[in-house]
Amino acid sequence: MDHIFGIPKERAQHPIIMGVFESQTIRKHPCFRLFDADEQSFLLRAVKKDAGRTDQHTWLLVPGQRLKPVCIIGLGKKEEWSARKLILESRRFVSYLKAAHYRTACLLIDDFRVRNLSFERTAEIIATNIEMARYEFNIYKEKPQEGWHDLDAIYYDVRDASERASCSRGLAAGAIIGGQTNAARTLANTPGGIMTPKLLAKETIAMGTRCGFSVRIFGEKEMKKLGMDAILAVSKGSREEAQFIVMEYQRGPKSHKPLVFVGKGITFDSGGLHLKPSNAMDDMHLDMSGGASVIGALGAIARMGLKTHVIGIVAAVENMPSGESYRPGDIITSMSGTTIEVVSTDAEGRVTLADALWYAKRFNPKLVVDIATLTGACIIALGHHASALFSQQDAVASALLKCGEESGDYLWRMPLWEEYDCGLKGTFGDVLNAPKNREAGAINGALFLKRFAKDFPAWAHIDIASTMLSVNDIHLAKGATGSATRLLVEIARSYNL
Ligand code: BES
Ligand code: ZN
Ligand code: ZN
């Protein structure tokens, strides 16, 4: 779809989205001047007093030479308006447009302006979230006769002419960020039987060609040579060959150390020999959501032409039970030399990340961030509105928390304290892949990874199990949310330690 700056003169067929706060006078509303005198007096009569209440929306057909559709969106109290609300409201009006079968709309960015936020950023947030809200994963469904309810174009304007250029920039960035978040959602939503490690590698190459970053793929033979026995152990039970995917985007000064993003890439997590109970396996094709967010974000960073150097790493592996699976009790020598004693074959993500993180050392990174749907415990701790952030360094944690807040991929910091670090002591190997009890599951996952990240100047682990799936109140289609794609783009453009 297109995000076009400038509202067309002949706009009667495009509905106007009008954001209204509680007790806002319609006469002073930024959109009011878009109507002629008769239409204005109609609006003064027709817009109800409580139209600005949260969760309200009203469709009006303004009479005139042609009926002009207007959708009034209640934004609640003006003093409570925030970037967080802007995200949700931008998605909400898309659902109304789709339900009413409109494919275009016009809006004034002024209506939705958040205090302390530039017009550019406001425009970017609106465009990002319109993109995210229009998305549905329907490629495997028969197209209905009337076609899918989707948007073709949104036309925007701003009252202050000096803000036009900044708004256009914001819209362009938002269209890319939202579009790439949706691309990550499609990678994740594609069923495990189709999105195998091989296809994920192929799709990454295609994304690199489309967006402008380079991709290298290692098969199992090359991984064996590199000593990646931890990744290979998880892959043993599957008939699908594991793929080690390395992406690079370099537009920064040569002297700058890169950012490295590492994504968990389990294309299907059955649990392995510790087979998951049937209802716990339903969404496990989404277990490569971290990897998908890294791939999507590299595409966005490249399309935006950011002046930076970013490496993306995804170990794409399927975790299956078979006569060749890795077993509970197995002791694996990881690429680092540390031996991993397998307690649970279902704690496979961290085993693959051990080698992926170790491999990242060769890039001499300034910051490594790994993104993983690592633990069910993360969902229990946080529900569905924040991902868990772990980092030993306070400065790194606060920089990332800020990126989370600004991007809409919210983070909540959890402890990575030594006090917790006793449950992973190996009996026959150096480290257990999971503790013997279920307490502090998300923290233990992070503590396991910490051993393989010890040489990095800065490292953070983000558990996105909690935000992997869409829930009703975030106004996104069922399935993957594309969690952490927006976050990674924000880190790439603002991380400065
Ligand atoms: N992929 C799962 C975690 C998960 C569960 C993500 C539900 C999203 C939704 C992970 O590989 C896993 O199975 N973790 C185990 C770890 C345990 C065995 C230490 C878990 O959380 O139960
Ligand atoms: Zn698992
Ligand atoms: Zn998993």
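Located above this text is the structure these notes cover.
On a predicted model such as this, the values are computed, not experimentally measured, just so you know. (Residues numbered from 1 in each chain as written. Chains lettered and ligands numbered in written order. Predicted model: local features only at pLDDT ≥ 70, side-chain atom pairs only at ≥ 80, totals over all residues. Heavy atoms only, no water.)

S.K.: What is the right way to look at the nonpolar core in this model?
M.R.: Grouped burial of nonpolar side chains is what soluble globular proteins tend to show. One finds Leu200, Phe261, Leu367, Leu400, Ile462 and Ile491 to be the most contacted residues of the largest nonpolar core, which totals 58 residues. The leading source of residues in this core is helix H8 (residues 289–304), at nine residues. Here Ile462 is in contact with Val369, Asp370, Ile371, Ala372, Ser387, Ala388, Leu389, Leu400, Leu411 and Leu487, once residues within four sequence places are set aside. Phe218, Ile332, Ile340 and Leu449 belong to the second-largest nonpolar core, a separate cluster that totals 53 residues. (Core = buried A, V, L, I, M, F, W, Y, C linked by side-chain atoms within 4.5 Å. Buried < 20%, exposed > 50% of the residue type's maximum accessible area, 1.4 Å probe, protein only. Helix = DSSP H or I, 4+ residues; strand = E, 2+ residues; numbered from the N terminus. Contact = heavy atoms within 4.5 Å.)

S.K.: Help me understand the side chain of Arg91, please; the structure alone is not making it clear to me.
M.R.: Summarising the element assignment, Arg91 is placed in helix H2 (residues 83–99). Beyond its immediate stretch of four places on either side in the chain, Arg91 contacts Asn129, Met132, Ala133, Ile474, His475, Leu476 and Arg486.

S.K.: Please clarify how the site of ligand 1 should be interpreted in this entry.
M.R.: Around ligand 1 sit 17 residues in total, of which Asp269, Lys276, Asp287, Asp346 and Gly376 are the nearest. Within the backbone of Thr373, one N or O atom sits 3.4 Å away from a nitrogen atom of ligand 1. For ligand 1, the accessible surface in isolation is 520 Å², of which the surrounding protein chains cover 77%. Residues belonging to the shell around ligand 1 are distributed by class as follows: six nonpolar, four polar and seven charged. (Near = heavy atom within 4 Å. Polar contact = N/O pair within 3.5 Å; in protein donor to acceptor, adjacent residues only side chain to side chain. Areas by Shrake-Rupley, 256 points an atom, 1.4 Å probe, with all protein chains shown as cover. Nonpolar A, V, L, I, M, F, W, Y, C, P; charged D, E, K, R; others polar.)

S.K.: What am I meant to see in the packing of aromatic side chains here?
M.R.: How two aromatic rings sit relative to each other is given by the distance of their centres and the angle of their planes. Considering all chains together, one arrives at 10 aromatic pairs under this definition. Centroid distance Phe244 to Tyr359: 4.9 Å. Interplanar angle 80 degrees. Geometry classified as edge-to-face. Separated by 115 residues along the polypeptide, Phe244 in strand E8 (residues 243–250) and Tyr359 in helix H9 (residues 348–360) bring together distant segments of the chain. By the burial criterion, Phe244 is buried, and Tyr359 matches it. Connected via pairs of aromatic rings, a cluster forms that spans Phe218, Phe244, Tyr359 and Phe363. Over the ring of Tyr410 we find Arg84; its NZ or CZ atom is 3.6 Å from the centre of that ring. Sitting over the ring of Phe119, Arg113 keeps its end group 4.2 Å from the ring centre. (Phe/Tyr/Trp six-rings, centres within 6.5 Å; stacked < 30°, edge-to-face > 60°. Lys NZ or Arg CZ within 6 Å of the ring centre and 35° of its normal.)

S.K.: What am I meant to see in the packing of helix H4 (residues 164–189) against helix H5 (residues 197–211) here?
M.R.: In helix packing, the relevant descriptors are the interaxial angle and the interaxial distance, both defined with respect to the helix axes. The interhelical angle for the contact between H4 and H5, taken along N-to-C directions, is 165 degrees, at an axis separation of 12 Å. The orientation of H4 with respect to H5, classified from their angle, is roughly antiparallel. In this structure, H4 meets H5 at a crossing whose hand is right-handed. Along its contact with H4, which presents Gln180, Ala183 and Leu187, the element H5 presents Leu200, Glu203, Met207 and Cys211. Its residues placed into classes, the contact of H4 with H5 shows five nonpolar, one polar and one charged. (Axes fitted to C-alpha atoms, helices over the stretch in contact; angles between N-to-C directions. Parallel < 35°, antiparallel > 145°, perpendicular 65-115°, else oblique. Left-handed = near helix turned anticlockwise from the far one by under 90°.)

S.K.: How should I be thinking about the sheet that holds strand E2 (residues 16–20) in this particular structure?
M.R.: By definition, the strands of a sheet pair up through backbone hydrogen bonds, in either a parallel or an antiparallel sense. Taken in spatial order, the six strands of this open sheet run E1-E6-E5-E2-E4-E3, and their pairing is mixed. At either end of the open sheet lies a strand with only one pairing partner, and these are strand E1 (2–5) and strand E3 (57–62). Sheet twist, expressed as the mean angle between neighbouring strand axes with direction ignored, is 25 degrees. Note that E2 and strand E4 (residues 68–74) share five bridges and pair parallel. The residue of E4 that forms the bridge with Met18 is Ile72. Helix H1 (residues 37–46) rests against E3 and E4 of the sheet, and its axis sits at about 145 degrees to E3. Running over the sheet, H2 touches E2, E3, E4, strand E5 (104–108) and strand E6 (153–157) and is turned about 140 degrees from E4. (Pairing = 2+ DSSP bridges.)

S.K.: What is the right way to look at the coordination of the zinc ion (ligand 3) in this model?
M.R.: As a benchmark, a tetrahedral metal site with four donors has ideal angles of 109.5 degrees, while an octahedral site with six donors has ideal angles of 90 or 180 degrees. Within the protein, Lys264 (NZ), Asp269 (OD), Asp287 (OD) and Glu348 (OE) serve as the donor atoms for the zinc ion (ligand 3), at 2.0 to 2.4 Å. Sequence spacing of the donor residues for the zinc ion (ligand 3), all on one chain, is K-x4-D-x17-D-x60-E. Metal-to-metal, the separation of the zinc ion (ligand 3) and the zinc ion (ligand 2) is 3.2 Å; Asp269 coordinates the two. Of this pair, Lys264 sits in strand E9 (residues 259–269) while Glu348 sits in helix H9, placing them 84 residues apart in sequence. By the burial criterion, Lys264 is buried, and Glu348 matches it. (Donors = N, O, S within 2.8 Å, 3.2 Å for Na, K, Ca; no water.)

S.K.: Just to check I follow, could you spell out the pairing of E8 for this structure?
M.R.: On a regular strand, each side chain points to the face opposite its neighbour's, so the side chains alternate between the two faces of the sheet. Counting buried positions along E8 yields six of eight residues, so the element is predominantly enclosed. Pairing geometry for strand E7 (residues 214–218) and E8, over five bridges, is antiparallel. Paired with Arg216 across the two strands is Val246, which belongs to E8. Relative to strand E10 (residues 309–319), E8 runs antiparallel, the two sharing eight bridges. Looking at the pairing, Tyr249 lines up with Val310 of E10.

Purely spatial values, then, with no claim about function.
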